[in-house]
Amino acid sequence: MTPRGLLSRTLQLLPHRSDFTHVRPGRDLTAGLMVGLVALPLALGFGVSSGMGARSGLVTAIVAGAVAAVFGGSRVQVSGPTGAMTVVLVPIIAVYGPDGVLVVGLLAGLLLVVLGYAGAGRVIRYVPVTVVEGFTVGIAVIIGLQQLPAALGVPADGEKVTALAYDAVRNWFADMSWTPLLICVGVVATVLMLARLRSALPGSLLAIAVATAGNSWLDWGATTVGAIPSGLPAPSVPHVGLGDLDQLLLPAIAVASLAALESLLSATVADAMTIGQRHDPDRELVGQGLANLASPLFGGMPATAAIARTAVNIRSGGTSRLAAVIHSAVLLAVVLVAARGVSAIPLAALAGVLVATAVQMVRVSSVSALLRSTSGDAAALVVTAVATVAVDLVTAVLIGLVVAGFFALRQTAQAARLDQTPLDDTDDQLDEEHALLDEHIVAYRIDGPLFFAAAHDFLLELSEVSRVHVVVLRLSRVTTIDATGAAVLADTINRLEDRGVTVLLSGVQPEHTKVLLRLGVYDQLAHERHLFDDTPAAIAHARLHAARIAHSSPGEAAR
């Protein structure tokens, strides 16, 4: 990219004056306050659940939320710590510690900025909805399993979430304590009930307040979040040696991939929930990249757009980026003046909020419809969900894409046909097929894609045709040709011509010529003048061949 091109690209990705044309101060203030109240327990919960601590979760929501709001590609999107990112960070913290996570966040931020400049944001349109839903179901299961130690009030250890959950249940049965479990269940019930009633009250915050008051005043004895220093920490650089960067690059790629995927999916959902809102996917990647560069400098963890908070923002009337900035300001005020109150929140109550969030993430009607649609959709959804829990999130998405792609290719291949069709259709307007057969000429029309999944099934059968002198292959309705399809086509032509059958091609599309040229199919046929723009010309030439063969000697026919 030239310096001028780089400057032009930078100007495209920076904030524009038009970003502020949708500001409605009253509505954005109300929405920002509501999102801030909803985000508070989530930020605390995800910070604790990740292992970085409650303060890190708040810092992430404040810093990343503000930066992504200003530089991101959606005017109504809200960013911060999320459950999906927490799932990725737990094993990273276990191996590399908090400083390693901060460096991973910085590297992931750089990768996201590069992806935005490279125009990678539009790739999200190729992710099938089945993979998205399976991914979401898997994340919801992982978030729920992660909360078992706090919900049961027992210590547990395990890098894999399934091992962590098993350890927590085993420890609880060894020394049963009902208070944390009852707190967790009560919070879950409150949040889900208020959500079902479509109450304007922030259910998670109300449940947290009741649980905290009960634990403090009635001395329930549940473990709390612990002391949180007031104020944001001063910017600093994590202490990780240069030799560790190679080991942290792969986790950074995983974090960047997840941040890109979840942010773009959230922006797509936001577009569907609003009128006239269309996000810029490349700018969204750059905005998330800058947010992840800023967050670790203040002790925050990697962030991404949050579908739940974005939905709350839209439902509360948010119309511009100001609402997300106000959400960050609300959380900053909490850190500055209410850190002591936050430190008294029971861990079991935060676990309840996260369990309720996981339940709300899964849209039962959508999942049920996809499972009933086709076997391919059901397989892609289930495999993605299982892989998310069993392996990791990025690998699960890749596996889901492979499964979905396999069934899509199979369906496309089944749609391809090779038919011996009448020639008196609207394209060619010929009514001579019976006469052609008498002259040992046969015409076949290929419909649909001619690619690796479909080529062998019928082209190799075509090479076995007998008692004909000329074969006309009509390619005007071929939609796709890849290298495998072209290679099988060339092999079919060679087999036929080795048996003395002349092959003519008609209606080759200009975009398919390039593939045929590269594999030598086009040159061979063009040299022999066996390529024609339309079928009538090919049939006329086929008759000349058939007539010559009928009146020639065997030796001449071979030539």
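Residues numbered from 1 in each chain as written. Predicted model: local features only at pLDDT ≥ 70, side-chain atom pairs only at ≥ 80, totals over all residues. Heavy atoms only, no water.

A. Layout of the overall build of the protein chain. Of the regular secondary structure elements, the protein chain holds 25 helices and eight strands. Evaluated residue by residue, the protein chain yields a buried proportion of 50% over its 559 residues. Across the protein chain, the fraction of contacts at a sequence separation of at least 24, relative to all contacts at a separation of at least 6, is 82%. Of the roughly 25600 Å² of accessible surface on the protein chain, a fraction of 63% belongs to carbon and sulfur atoms. (Helix = DSSP H or I, 4+ residues; strand = E, 2+ residues; numbered from the N terminus. Buried < 20%, exposed > 50% of the residue type's maximum accessible area, 1.4 Å probe, protein only. Contact = heavy atoms within 4.5 Å. Areas by Shrake-Rupley, 256 points an atom, 1.4 Å probe, with all protein chains shown as cover.)

B. Seen up close, the side chain of Glu284. The residue Glu284 is located in helix α11 (residues 281-294) in this model. With no salt bridge to any partner, buried Glu284 finds its closest opposite charge in Arg321, at an N-O distance of 6.3 Å. A polar atom in the side chain of Glu284 sits 3.4 Å from the backbone nitrogen of Ser74. What Glu284 contacts, discounting residues up to four positions off in sequence, is Gly72, Gly73, Ser74, Gln77, Ser263, Leu264 and Ala305. (Lys, Arg positive; Asp, Glu negative; His and termini not counted. Salt bridge = Lys/Arg side-chain N within 4 Å of Asp/Glu carboxyl O. Polar contact = N/O pair within 3.5 Å; in protein donor to acceptor, adjacent residues only side chain to side chain.)

C. Here's a closer look at the nonpolar core. Residues Leu44, Val187, Val255 and Leu393 are the most contacted members of the largest nonpolar core, which totals 79 residues. Ranked by the residues each element gives to this core, the list is headed by helix α4 (residues 83-117), at 13 residues. Dropping the residues within four chain positions of it, Val255 is found in contact with Met85, Val88, Leu89, Ile92, Val104, Ala108 and Pro302. Formed by 18 residues, the second largest nonpolar core is a distinct cluster that contains Ile446, Val501, Leu505 and Leu516. (Core = buried A, V, L, I, M, F, W, Y, C linked by side-chain atoms within 4.5 Å.)

D. View of unusual backbone geometry. The phi torsion at Asp219 lies on the positive side, around 55 degrees, for a residue other than glycine. Within the secondary structure, Asp219 is located in the loop between α9 (203-217) and α10 (245-273). On the basis of relative accessible area, Asp219 is assigned to the exposed category, the value being 63%. A positive phi is found at His440, a non-glycine position, where the angle reads about 60 degrees. Along the polypeptide, His440 turns up in the loop between α19 (433-438) and β4 (441-450).

E. Geometry of the packing of aromatic side chains. All told, the structure shown has three aromatic pairs when counted by the stated rule. With a centroid separation of 5.3 Å and 75 degrees between ring planes, the pair formed by Trp172 and Phe173 is classed as edge-to-face. Residue Trp172 is classed as buried on the basis of its relative accessible area of 8%. Pairing Trp172 with Trp178 gives two aromatic rings, centres 5.1 Å apart and planes at 85 degrees, and the pair type is edge-to-face. Residue classification places Trp178 among the partly exposed residues on the basis of a relative accessible area of 47%. Ring pairs connect the aromatic residues Trp172, Phe173 and Trp178, which therefore count as one cluster. (Phe/Tyr/Trp six-rings, centres within 6.5 Å; stacked < 30°, edge-to-face > 60°.)

F. Up close: the pattern of salt bridges. What the rule picks out here adds up to four salt bridges. The shortest N-O distance in the salt bridge between Arg170 and Asp167 comes to 2.5 Å. Taken together, the positions of Arg170 and Asp167, both in helix α7 (residues 161-174) and three residues apart, correspond to about one turn of that helix. One salt bridge connects Arg445 with Asp447, and the closest N-O pair in it is separated by 3.1 Å. There is no split in this pair, since Arg445 and Asp447 are both buried.

G. Summary view of the pairing of strand β5 (residues 470-474). For β5, a buried count of five out of five residues is recorded, marking the element as mostly surrounded by other parts of the structure. The alternating pattern of β5 places Val470, Val472 and Arg474 and Val471 and Leu473 on opposite faces, both of which are buried. In the sheet, β4 pairs with β5 via five bridges, with the strands oriented parallel. Its bridge partner lying in β5, Val442 is registered against Val471. (Pairing = 2+ DSSP bridges.)

H. Structural context of the side chain of Arg283. Looking at the element boundaries, Arg283 is found in helix α11. Excluding residues within four positions of it along the chain, Arg283 makes contact with Leu13, Leu14, Pro15, His16, Asp19, Val70, Phe71, Gly72, Gly73 and Arg321.

I. Local environment of a nonpolar patch on the surface. Together, Val169, Phe173, Met176, Trp178 and Leu182 give the surface a local cluster of nonpolar side chains, amounting to about 530 Å² of exposed area. Listing elements by their share of the nonpolar patch, those giving two or more residues are α7 and α8 (178-196). Mapped onto the fold, Leu182 is located in helix α8. Relative accessible area serves as the criterion here: at 58%, Leu182 is assigned to the exposed category. (Patch = residues over 30% accessible without salt bridge, like charges linked within 9 Å, V, L, I, M, F, W, Y side chains within 5 Å.)

J. Region of the structure containing the packing of helix α2 (residues 25-50) against α9. The N-to-C vectors of α2 and α9 enclose an angle of 55 degrees; their axes lie 8 Å apart at closest approach. Comparing their axes, α9 and α2 come out oblique. When you trace α2 past α9, the crossing you get is left-handed. For the pair formed by α2 and α9, the contact residues are Leu37, Val38, Leu40 and Pro41 on the first element and Ser204, Leu205 and Ile208 on the second. Residues belonging to the contact of α2 with α9 are distributed by class as follows: six nonpolar, one polar and no charged. (Axes fitted to C-alpha atoms, helices over the stretch in contact; angles between N-to-C directions. Parallel < 35°, antiparallel > 145°, perpendicular 65-115°, else oblique. Left-handed = near helix turned anticlockwise from the far one by under 90°. Nonpolar A, V, L, I, M, F, W, Y, C, P; charged D, E, K, R; others polar.)

K. Quick look at the environment of Val67. Residue placement: Val67 occurs in helix α3 (residues 54-71). Once the C-alpha coordinates of Val67 and Ala324 are considered, the two residues, 257 residues apart in sequence, prove to be 9.6 Å apart. Excluding residues within four positions of it along the chain, Val67 makes contact with Gly72, Gly287, Leu290, Ala291 and Ala294.

L. Structural view of α9. With 15 residues, α9 extends 21 Å between its outermost C-alpha atoms, agreeing within 8% with the 21 Å of an ideal straight helix rising 1.5 Å per residue. Buried within α9 we find Gly203, Ser204, Ala207, Ile208, Ala211, Thr212, Ala213, Gly214 and Asn215. At its buried positions, α9 is contacted by α2, α8 and α15 (347-361). Phi turns positive one or two residues past the end of α9, at Asp219, with a value near 55 degrees. (Expected span 1.5 Å × (residues − 1).)

M. Up close: the confidence of the model for the protein chain. On average, residues of the protein chain score 82 in pLDDT, and 87% of them are at 70 or above. Ignoring residues within four places in sequence, the model shows residues 555-559, a span with pLDDT below 50, making three contacts including any to other chains. (pLDDT = per-residue confidence, 0-100.)

N. Structural view of the environment of Gly289. Following the sequence through the fold, Gly289 ends up in helix α11. Owing to a relative accessible area of 0%, Gly289 belongs among the buried residues under this scheme. Between the C-alpha atoms of Gly289 and Thr304, which are 15 residues apart in sequence, the distance is 9.2 Å. With residues up to four places along the chain from it excluded, the contact list for Gly289 reads Gly109, Leu112 and Val113.

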